[in-house]
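Here's the letter readout for the chains.
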Amino acid sequence: MSVPVLVMVDDGALGGLTAVVAALESAGMRVDRVLPEIATITGAAEPGVFAALRAVSGVDSVERAGPGFSIPHPGKGVQ
């Protein structure tokens, strides 16, 4: 079962972002968005391929994306 994935790209690899994306796809990631401004690639992958994704040249880190965030009700106290 695929899970959401965040890939952080090393700043030195931003010039070759197309190659990083291609290598991630070859390693088993379905790329949804490429965000060069924040050196991040989002998508989905099977947990079993995370090691292969981390081994891609130019990848700084690979993390399972969380469920997101929510804004508390205005009446609640400071968190």
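Residues numbered from 1 in each chain as written. Predicted model: local features only at pLDDT ≥ 70, side-chain atom pairs only at ≥ 80, totals over all residues. Heavy atoms only, no water.

Student: With reference to specific residues and values, describe the sheet that holds strand 2 (residues 30-35).
Tutor: With antiparallel pairing, 4 strands are arranged side by side in an open sheet as 2-3-1-4. Edge positions in the open sheet fall to strand 2 and strand 4 (59-64), since each of these has one partner strand only. Pairwise comparison of adjacent strand axes, ignoring direction, gives a mean angle of 20° for this sheet. Bridge analysis of strand 1 (residues 3-9) against strand 3 (residues 40-45) gives 6 bridges, and the strand direction is antiparallel. Across the sheet, V3 pairs through a bridge with A45, a residue of strand 3. (Pairing = 2+ DSSP bridges. Helix = DSSP H or I, 4+ residues; strand = E, 2+ residues; numbered from the N terminus. Axes fitted to C-alpha atoms, helices over the stretch in contact; angles between N-to-C directions.)

Student: Please give an account of the environment of A65 that cites residues and values.
Tutor: Tracing the sequence through the fold places A65 in the segment after strand 4. As for A65 and V3, which are separated by 62 residues in sequence, their C-alpha atoms are 7.7 Å apart. Among all residues touching A65, those that are not within four sequence positions of it are P4, V5 and L6. (Contact = heavy atoms within 4.5 Å.)

Student: Tell me about the side chain of T40, residues and numbers included.
Tutor: Locating T40 in the fold gives a position in strand 3. One polar contact links the side chain of T40 to the main-chain carbonyl oxygen of I38, over a distance of 2.9 Å. Those residues in contact with T40 that sit more than four places away from it in its chain are L6, V7, M8, R33, V34 and L35. (Polar contact = N/O pair within 3.5 Å; in protein donor to acceptor, adjacent residues only side chain to side chain.)

Student: Describe in detail the side chain of T42, supporting the description with residues and values.
Tutor: Here T42 shows up in strand 3. When its relative accessible area of 17% is taken as the criterion, T42 is described as buried. Contact partners of T42, with chain neighbours within four places excluded, come to V5, L6, M29, R30, V31, D32, R33 and L35. (Buried < 20%, exposed > 50% of the residue type's maximum accessible area, 1.4 Å probe, protein only.)

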